[in-house]
Amino acid sequence: MGKAIVCACEDVTLGEIRRAFAAGHRDVESIKRYTGLGTGPCQGKSCVAVLARELLRLGASEEEAAPFTTRPPVRMVELGVLAALDAGALGVDEGVPRATPTSTSTSTPTPTPTATPTSTATDPFHEPLPARADVVIVGGGIFGLSLAYELGRRGVRDVLVLERGYLNAGASGRNGGGVRAQWSTPAFIRLARRSMEICDRFAVEMGINVWFRRGGYLFLAPTKEQVARIERNAALHRREGLKTRVVGPAEALEIVPELDRSRFLAASWNPDDGVVFPWPFLWGYAERARALGAKVQTFTPVTGFEASGGRVTAVRTGRGRVACDTVVVAAGAWSKEVAALAGVRLPNRPTRHEILVTESLRPWLGPLVAVLGTGLYFSQSLRGEIVGGMGDPAEPEGVVMGSTLRFLARFARAAVAVAPVLAAVKVVRQWAGCYDVTPDNNPVLGPAGFPNFHQLSGFVGHGFMMAPAVAELYADWLAGRGKDELLSRFDIGRFGKGVLSKEDFIIG
């Protein structure tokens with residue numbers, strides 16, 4: 001019976017569902033991510049009801065068994081068809097500019113999380129909250145879980161991680177998985193390089209495969225100004241020991257022959273950049289953090305804080321109160337909202353970022369391709385899908401994670417213009433997450449409002465690739481091993497001084 005197929009699209013069996021449930025993946029969304037159920041062409045239409053029934057039989061609550069939302073489009077649609085949609089009606093950019101001539105020589109409404117499940121004393125994944133913890137981390141994304149793990153490695157074991165939804169519910173489970181060292185500041189290059197070193201050995205050390213692949217990043221520069229920009233960056237990268245080179249269209253086509261060379265003047269190429277599969281990263285950190293003594297509680301929204309003597313003394317949640325010595329807010333796009341519960345104002349601005357995935361294709365795309373100026377990027381997963389996103393300057397502030405036809409049309413137009421071969425490729429589904437943006441595109445690190453109320457936020461769209469390295473530095477600080485100067489550079493006090501250094505190599 002355990003071999004019975006539940007999801008025909010992804011070959012998910014009843015036995016796999018039961019093993020996932022036993023491993024702590026109790027709710028429909030977590031099972032979906034853990035097994036791939038419902039992510040194929042039918043988008044769960046034939047399997048989600050069977051899954052819900054099985055979860056209830058296994059002992060899940062009605063809230064945990066609530067069906068997930070099917071991601072648009074309703075049926076697979078070619079990118080070429082989407083690119084031809086009425087631009088005016090959707091507010092889509094009217095055209096994708098071709099490269100401008102140059103004489104430069106180059107060698108260029110907030111979704112509500114699933115209700116809190118009923119706690120039982122015999123359920124190890126939803127045990128009662130502890131009365132106190134040395135460190136409470138608000139946010140069970142990549143930052144919160146990696147910090148819990150790194151604290152455990154340094155002997156800080158009384159750590160509680162509070163996640164308002166399921167693991168991978170926020171940006172950590174909704175991103176494109178890019179990991180690159182091509183940045184425009186030495187600090188970010190340093191962090192990214194260290195994170196990639198961690199990615200390299202993550203599977204061995206953490207016991208879970210994150211599908212890390214060093215296929216490189218290829219940044220396309222369509223204008224003279226952007227060519228000058230990547231040339232400046234390449235000079236910095238060489239000083240930092242990176243392999244980045246500025247290449248002309250001919251060499252770029254040797255790397256990705258399917259590109260339209262008329263769409264760019266030069267490209268920045270680093271073969272050591274790569275892509276990971278985000279979901280196992282969180283599972284690995286969560287499992288290892290638990291093994292070191294941390295408690296990770298999902299479906300536990302924070303509702304407030306208590307303070308006394310100029311310090312935060314307790315965290316209030318929908319499941320009870322927890323006294324604490326230190327609080328770390330690592331809630332991504334929700335960090336501004338969470339900090340406000342303690343009367344702390346963050347300059348962060350959350351905005352939606354949409355992504356899509358296509359049908360699986362034969363392997364043909366080695367690097368992640370990004371186009372400067374438009375924010376377009378796309379790569380190919382190890383399963384063969386094209387995964388891509390694109391920023392939208394018209395996107396208003398707010399924690400919104402719905403999907404739009406406007407994004408599909410904008411992405412399709414830009415992607416087909418750069419790589420015409422994509423016109424015949426069908427989109428399977430789309431989704432959205434949120435960027436956590438600050439005025440200078442740099443993070444907020446350190447205490448704010450209270451000396452023990454720490455902030456780990458504001459990483460725009462690159463938090464996932466920076467988190468492993470940042471967590472090491474932050475854990476050293478909290479464990480009494482010293483404070484890295486990087487953490488002082490990005491404290492919240494810089495916004496009041498009016499002297500900001502803006503990170504300008506953001507894509508998406």
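Residues numbered from 1 in each chain as written. Predicted model: local features only at pLDDT ≥ 70, side-chain atom pairs only at ≥ 80, totals over all residues. Heavy atoms only, no water.

Here we look at the overall build of the chain
At step 1: Along the chain, the regular secondary structure elements total 15 helices and 21 strands.
At step 2: For the chain, with 508 residues in total, the buried portion stands at 58%.
At step 3: Taken as a whole, the chain presents about 19600 Å² of accessible surface, with 54% of it coming from carbon and sulfur. (Helix = DSSP H or I, 4+ residues; strand = E, 2+ residues; numbered from the N terminus. Buried < 20%, exposed > 50% of the residue type's maximum accessible area, 1.4 Å probe, protein only. Areas by Shrake-Rupley, 256 points an atom, 1.4 Å probe, with all protein chains shown as cover.)

Some words on the packing of helix α7 (residues 186–206) against helix α10 (residues 278–291)
When two helices pack together, their arrangement is given by the angle between the helix axes and the distance between those axes.
At step 1: The interhelical angle for the contact between α7 and α10, taken along N-to-C directions, is 50°, at an axis separation of 11 Å. Between α7 and α10, the interaxial angle falls into the category oblique. In this structure, the crossing between α7 and α10 has a hand that is left-handed. Contacts between α7 and α10 pair Ile198, Cys199, Phe202, Glu205 and Met206 from the former with Pro280, Phe281, Gly284, Tyr285 and Arg288 from the latter.
At step 2: Among the residues forming the contact of α7 with α10, the class breakdown is 7 nonpolar, 1 polar and 2 charged. (Axes fitted to C-alpha atoms, helices over the stretch in contact; angles between N-to-C directions. Parallel < 35°, antiparallel > 145°, perpendicular 65-115°, else oblique. Left-handed = near helix turned anticlockwise from the far one by under 90°. Contact = heavy atoms within 4.5 Å. Nonpolar A, V, L, I, M, F, W, Y, C, P; charged D, E, K, R; others polar.)

A short note on the packing of α7 against helix α13 (residues 463–478)
At step 1: In the contact formed by α7 and α13, the axes pass within 7 Å of each other and the chain directions differ by 95°. Considered as vectors, α7 and α13 are oriented roughly perpendicular to each other. Judged by residue contacts, Phe188, Arg190, Leu191, Ala192, Arg194, Ser195 and Ile198 of α7 engage Met465, Met466, Ala467, Pro468, Ala469, Val470, Glu472 and Leu473 from α13.
At step 2: Of the residues belonging to the contact of α7 with α13, the class tally is 11 nonpolar, 1 polar and 3 charged.

Side note on the pattern of salt bridges
At step 1: The tally for this structure, following the rule as stated, stands at 30 salt bridges.
At step 2: Across the salt bridge formed by Glu287 and Arg290, the nearest N and O atoms sit 4.0 Å from each other. With Glu287 and Arg290 both in helix α10 and 3 residues apart, this pair spans about one turn of that helix.
At step 3: Assessed through its relative accessible area of 47%, Glu287 is described here as partly exposed.
At step 4: Its relative accessible area of 27% is what places Arg290 among the partly exposed residues. (Salt bridge = Lys/Arg side-chain N within 4 Å of Asp/Glu carboxyl O.)

A word on the nonpolar core
Across soluble globular proteins, you tend to see nonpolar side chains buried next to one another.
At step 1: Among the nonpolar cores identified, the biggest contains 75 residues, and Ile137, Val159, Phe281, Tyr285, Leu456 and Met466 are the most heavily contacted of them.
At step 2: Listed in part, the 34 residues of the second largest apolar core include Leu82, Val256, Leu408 and Val418. (Core = buried A, V, L, I, M, F, W, Y, C linked by side-chain atoms within 4.5 Å.)

Re the sheet that holds strand β18 (residues 385–389)
At step 1: Read from one edge of the open sheet, 9 strands run β3-β19-β15-β18-β17-β16-β7-β9-β8, paired in mixed fashion. With one partner strand each, in any of the chains shown, β3 (77–78) and β8 (245–247) form the two edges of the open sheet.
At step 2: Note: strand β15 (residues 349–360) against β18, 4 bridges, orientation antiparallel. Its bridge partner being in β18, Val357 is matched across the sheet by Val387.
At step 3: Strands β7 (217–221), β15, β16 (368–371), β17 (377–380), β18 and β19 (426–437) of the sheet are contacted by helix α12 (residues 405–418), whose axis makes an angle of about 60° with β15. (Pairing = 2+ DSSP bridges.)

A closer look at α12
At step 1: Taking 1.5 Å per residue as the helical rise, α12 with its 14 residues ought to reach 20 Å, and the 20 Å between its terminal C-alpha atoms agrees with that figure.
At step 2: For α12, a buried count of 11 out of 14 residues is recorded, marking the element as mostly surrounded by other parts of the structure.
At step 3: Between the side-chain oxygen at the start of α12 and the backbone nitrogen of Phe407 there is a gap of 3.1 Å, and the oxygen is on Thr404. (Expected span 1.5 Å × (residues − 1). Polar contact = N/O pair within 3.5 Å; in protein donor to acceptor, adjacent residues only side chain to side chain.)

Notes on the packing of aromatic side chains
At step 1: Summed over the entire model, instances satisfying the criterion amount to 16 aromatic pairs.
At step 2: Judged by centre distance (5.2 Å) and plane angle (45°), the ring pair of Phe277 and Trp279 falls under tilted.
At step 3: Exposure remark for Phe277: the relative accessible area of 27% places this residue in the partly exposed category.
At step 4: For the pair Phe450 and Phe453, a centre-to-centre distance of 6.1 Å together with 85° between the ring planes defines the contact as edge-to-face. Across the pair, exposure class does not vary: Phe450 and Phe453 are buried alike.
At step 5: One aromatic cluster is present, built from ring pairs that chain together Tyr149, Phe202, Phe281, Tyr285 and Phe464.
At step 6: Above the face of the Trp183 ring, Arg180 is positioned so that its terminal group lies 3.7 Å from the ring centre. (Phe/Tyr/Trp six-rings, centres within 6.5 Å; stacked < 30°, edge-to-face > 60°. Lys NZ or Arg CZ within 6 Å of the ring centre and 35° of its normal.)

Some words on α13
Because an α-helix completes one turn every 3.6 residues, residues spaced three or four positions apart along the sequence face the same direction.
At step 1: Spanning 16 residues, α13 covers only 20 Å between terminal C-alpha atoms, well under the ideal 22 Å at 1.5 Å per step.
At step 2: Along α13, the largest kink reaches about 35° and is centred on Ala469.
At step 3: Of all 16 residues that make up α13, 15 are buried, and the element is covered over most of its length.
At step 4: Directly after α13, the chain includes Gly480, whose backbone phi takes a positive value near 85°. (Bend = angle between axes of the 7 residues up to and from the residue.)

Things to note about unusual backbone geometry
At step 1: Phi at Asp11 is positive, roughly 55°, even though this residue is not glycine.
At step 2: Relative to the elements of secondary structure, Asp11 occurs in the loop between β1 (5–7) and β2 (12–13).
At step 3: The exposed category is assigned to Asp11, whose relative accessible area is 54%.
At step 4: For Trp211, which is not a glycine, the phi torsion comes out positive at approximately 55°.
At step 5: Following the sequence through the fold, Trp211 ends up in the loop between α7 and β7.
At step 6: Look at Trp211 and you get partly exposed, because its relative accessible area is 32%.

Examining the pairing of β19
At step 1: Along β19, 11 of the 12 residues are buried, which leaves the element largely enclosed by surrounding structure.
At step 2: Sheet topology places β15 next to β19; 10 bridges connect them, and they run antiparallel. Within β19, the residue paired with Pro350 across the bridge is Asp436.

Examining the confidence of the model for the chain
At step 1: Taken residue by residue, the chain gives an average pLDDT of 88. The fraction at 70 or more is 89%.
At step 2: Low confidence marks residues 101–124, where pLDDT is under 50. Its contacts with residues over four positions away, or in another chain, come to 53 contacts. (pLDDT = per-residue confidence, 0-100.)

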